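Observations on the three-dimensional arrangement
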Amino acid sequence: MSQPFSIAIHGGAGTILRDQMSDELRVEILSALEKSVKAGHEILAQGGDALDAVVAAVKVLEDAPQFNAGKGSVLTNKEMVEMDASVMHGREMNAGAVTGIRHIKNPIELARDVMLISEHVLLMGDGAEEFAFSLGYEYTEQDYFFTDRRYEQLQSMKEKGLFALSEAKYSAEDKYPDDKKFGTVGAVALDKQGNLAAATSTGGITNKKFGRVGDSPIIGAGTIAENGNVAVSTTGMGEFFIRKMVAGDVAARMRYLKEDVHTACEHIINGDLKAMGGEGGLIAVDANGDIHFAMNSSGMYRASIDNKGNLDVKIYADE
Ligand code: ASP
């Protein structure tokens, strides 16, 4: 019997409402999600490693300006882009992560190289970039990451005096409806060798200050992969996801309580996390290639190609 393989991706969860979504934006988002999931799936279909698949999928979304990662990342209080990313491979439970990245086009590749090449798991800011340049990464100007939309959002957050996670202020001229959309991107995959891998990349939250870091680069909060068990990538208000250790908690429930992937994810996202006031969602794939999307928000940009080869691309929670 051939070995199952599958992949799921997300482009962020949050308040995503049909009546505020323009056709133009919907088409852009759906096509970026499809391109991303197909890029990862192609690698899996050719017998490639789950890590390569999740990095390839996330890279497509980092390059797409519609999402809060890579190009199109949200801006800090000082009008900078500061990105975080992480990867994990389930075979050795090896992991790599970076925080506060300002000049690397694809932070997810740097997280992978921290895992593969450095002796460390988590590198920050200038040091992480020094490591990147020592490997031959190109210096990318901040201008590359900037979009007008993110600048307007920052001004709106500053006016409101909010430091918390948020995105666009919706106005009639603004084609982006997501006043509270999280926008982080991520991918999880099972390859034909039975490896599970996860990757997560983000610009964090608009108007963040003081070197704030969310859950996305924290192994066990935003990302986890354990062969024989599950791979998870999360999106939402990072402070809650760190405190609840969301990705690690899904894995622990499955490992110790023998819960299936659906039960474990729902227990946390629509149970414990929601009870704490944490909004967001996650994607997960188990050792059989079964995929689960969980969210307690009105939507999550997401796509998957399951272990039967079926493609699904969705936006709203009720789809
Ligand atoms: N989890 C991310 C953070 O808190 C935000 C997001 O999901 O968009 O940095």
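The structure we're discussing is the one just above.
What this report covers is the structure whose coordinates are included nearby. These numbers were taken from a predicted model, which means no experiment stands behind them. (Residues numbered from 1 in each chain as written. Predicted model: local features only at pLDDT ≥ 70, side-chain atom pairs only at ≥ 80, totals over all residues. Heavy atoms only, no water.)

Considerations on the sheet that holds strand β3 (residues 94–101)
Spatially, the eight strands line up as an open sheet ordered β4-β3-β2-β6-β5-β1-β11-β12, and their pairing is mixed. Edge positions in the sheet fall to β4 (122–124) and β12 (311–316), since each has one partner strand and no second. Going across the sheet, the axis of each strand differs from the next one's by a mean of 10 degrees, ignoring polarity. Here five bridges tie strand β11 (residues 299–305) to β12, and the two strands are oriented antiparallel to one another. Looking at the pairing, Arg302 lines up with Lys314 of β12. Where helix α1 (residues 23–45) meets the sheet, it contacts β1 (6–14), β5 (185–190), β11 and β12, and its direction lies at approximately 145 degrees from that of β12. Lying over the sheet, helix α2 (residues 50–63) contacts β1, β2 (83–89), β5 and β6 (196–202), oriented at roughly 155 degrees with respect to β5. (Pairing = 2+ DSSP bridges. Helix = DSSP H or I, 4+ residues; strand = E, 2+ residues; numbered from the N terminus. Axes fitted to C-alpha atoms, helices over the stretch in contact; angles between N-to-C directions. Contact = heavy atoms within 4.5 Å.)

Observations concerning the packing of α2 against helix α3 (residues 107–116)
Running from N to C, α2 and α3 cross one another at 155 degrees; their axes reach a closest spacing of 8 Å. Between α2 and α3, the crossing angle belongs to the class labelled roughly antiparallel. Contacts between α2 and α3 involve Leu51, Val55, Val58, Lys59 and Glu62 on the former and, on the latter, Pro107, Ile108, Glu109, Arg112 and Met115. Of the residues belonging to the contact of α2 with α3, the class tally is six nonpolar, no polar and four charged. (Parallel < 35°, antiparallel > 145°, perpendicular 65-115°, else oblique. Nonpolar A, V, L, I, M, F, W, Y, C, P; charged D, E, K, R; others polar.)

Focus on the sheet that holds strand β9 (residues 280–286)
As summarised here, the arrangement of the four strands in space is β7-β8-β9-β10, forming an open sheet in which the pairing is antiparallel. Strands at the two margins of the open sheet, each flanked by one partner only, are β7 (223–226) and β10 (291–295). Within the sheet, the average angular offset between the axes of one strand and its neighbour, ignoring direction, is 10 degrees. Inspection of the sheet shows strand β8 (residues 230–236) paired to β9 by seven bridges, in the antiparallel sense. Among the inter-strand pairings, Ser233 is bridged to a residue of β9, identified as Ile283.

Brief notes about helix α9 (residues 261–276)
Spanning 16 residues, α9 covers 21 Å between terminal C-alpha atoms, matching the ideal 22 Å at 1.5 Å per step. Within α9, the axis deviates most sharply at Ile268, by approximately 35 degrees. Among all positions in α9, only Val261, Ala264, Cys265, Ile268, Ile269 and Leu273 are buried. The secondary structure elements touched by the buried residues of α9 are β8, α7 (238–244), α8 (246–256), β9 and β10. Measuring from the backbone nitrogen of His262 back to the side-chain oxygen at the start of α9 gives 3.0 Å, which picks out Asp260 as the cap. Of the residues trailing α9, Gly277 is marked for its positive phi of about 95 degrees. (Expected span 1.5 Å × (residues − 1). Bend = angle between axes of the 7 residues up to and from the residue. Buried < 20%, exposed > 50% of the residue type's maximum accessible area, 1.4 Å probe, protein only. Polar contact = N/O pair within 3.5 Å; in protein donor to acceptor, adjacent residues only side chain to side chain.)

None of this, on its own, says anything about what the molecule does.
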